[in-house]
Amino acid sequence: MQRPDWAPDTIDIERPSVARMYDYYLGGSHNFAADRAAARAMVDAVPEAPLMAQANRAFLRRAVHFLAEAGIRQFLDIGSGIPTVGNVHEIAQRIDPASRVVYVDVDPVAVAHSREILSGNNRTAVVQEDLRHPERILTHPDITGMLDLSQPVAVMIVAVLHFIPDSDRPAEILRTLREALAPGSYLVLSQASDEDRHDTGERAEAEAVYRRTDNPLFIRSRAELTSLFDGFELVDPGVGWVPQWRPETPESAEDAEQAVFMGGVGRLGG
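Residues numbered from 1 in each chain as written. Predicted model: local features only at pLDDT ≥ 70, side-chain atom pairs only at ≥ 80, totals over all residues. Heavy atoms only, no water.

(A) Broad picture of the overall build of the chain. Scanning the chain from terminus to terminus reveals ten helices and eight strands. Scored against the burial criterion, the 270 residues of the chain give a buried share of 54%. Within the structure as shown, the chain displays about 12000 Å² of accessible surface, and the carbon and sulfur contribution to it stands at 47%. (Helix = DSSP H or I, 4+ residues; strand = E, 2+ residues; numbered from the N terminus. Buried < 20%, exposed > 50% of the residue type's maximum accessible area, 1.4 Å probe, protein only. Areas by Shrake-Rupley, 256 points an atom, 1.4 Å probe, with all protein chains shown as cover.)

Written as structure tokens, this is what we have:
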């Protein structure tokens, strides 16, 4: 297929990307035929997939609003994906224009578009880096130049952990991040879960779809996700289906398990 002007020459547009599939689920336009084909295969396997992505993005928006209202003015969004309406900086800077936000993603398309969209916003930065290398993230000059890690920071790792296998030691990754944070910092996590869901074969089909990408899928339980908040005090209502985390209306939390994503917010004491 013809490469659009906005696609960096370094990316393989014939191989699906989870960031661009997520963009497709959210109704975005920065995806390729291979991404759309893989996303449609996912929808065939799990018809709720677009609603799952939308519920997860809504959780991110509510979490950022909560954190900004709590006084957090620094945000580190790791695995941020391709920018869509309701991004971290839009919410945080609406509450306080002085809020500073750094987006981190491994996908070059996500990074290129983030930089294009955020051009002129001198309180944001975009870094191409991998969650699996937290020490490189923490020492990256664009991050240390934007964020003061001696002050509270909200670390957002939303809809990312299910692409990190246990062999990559996610608990160790999060411990490295936690040890670099000041007291009063927050951690926001969400990931796909099959907790309390009847196995209809959807999990196997979904995992088969994502094996076609560079990021296979690794499902975790509520207990496994909760354990990753080690060292943080969970904010009420704890870890649960993302529509149930401080919903805007009671109706929006109905049939919450259909969202498939579980998430929570934790605060670092001290």
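Additional details are given in the paragraphs that follow.
(B) Examining unusual backbone geometry more closely. With an omega of 10°, the peptide bond between Asp 236 and Pro 237 qualifies as cis. In this structure, Arg 169 takes a positive phi of about 55° despite not being glycine. Here Arg 169 is to be found in the loop between strand E4 (154-158) and helix H8 (170-179). Of note in this structure, Arg 246 is not a glycine but carries a positive phi near 50°. With respect to the element layout, Arg 246 can be found in the loop between strand E7 (240-241) and strand E8 (261-267). For Arg 246, a relative accessible area of 37% translates into the label partly exposed.

(C) How the structure looks around the pairing of strand E2 (residues 100-105). Of all six residues in E2, five are buried, a share of seventy percent or more. For the handedness criterion, the β-α-β arrangement of E2, helix H5 (residues 108-117) and strand E3 (residues 124-128) is classed as right-handed. (Right-handed = clockwise from strand over helix to strand, strands pointing away.)

(D) Main features of the nonpolar core. The biggest cluster of nonpolar side chains holds 47 residues, and the ones touching the most others in it are Leu 67, Phe 75, Met 156 and Val 265. Elements supplying a minimum of two residues to this core: helix H1 (18-25), helix H2 (33-45), helix H3 (49-69), helix H4 (88-95), E2, E4, strand E5 (186-192) and E8. Considering each element in turn, this core owes the most residues, eleven residues, to H3. Dropping the residues within four chain positions of it, Leu 67 is found in contact with Ile 72, Phe 75, Ala 154, Met 156, Tyr 186, Val 188 and Val 265. Judged by nonpolar contacts, the second largest core, of 33 residues, contains Ile 78, Val 102, Met 146 and Ile 164. (Core = buried A, V, L, I, M, F, W, Y, C linked by side-chain atoms within 4.5 Å. Contact = heavy atoms within 4.5 Å.)

(E) Up close: the pairing of E8. For E8, the tally of buried residues reaches six of seven residues, placing the bulk of the element in the interior. Inspection of the sheet shows E5 paired to E8 by seven bridges, in the antiparallel sense. Its bridge partner being in E8, Ala 192 is matched across the sheet by Phe 261. In terms of strand pairing, strand E6 (residues 233-234) meets E8 through two bridges, oriented antiparallel. Along E8, the bridge assignment pairs Glu 233 with Arg 267. The sheet contact formed by E7 and E8 spans two bridges and is antiparallel. In the strand pairing of E8, Trp 241 is matched with Met 262. (Pairing = 2+ DSSP bridges.)

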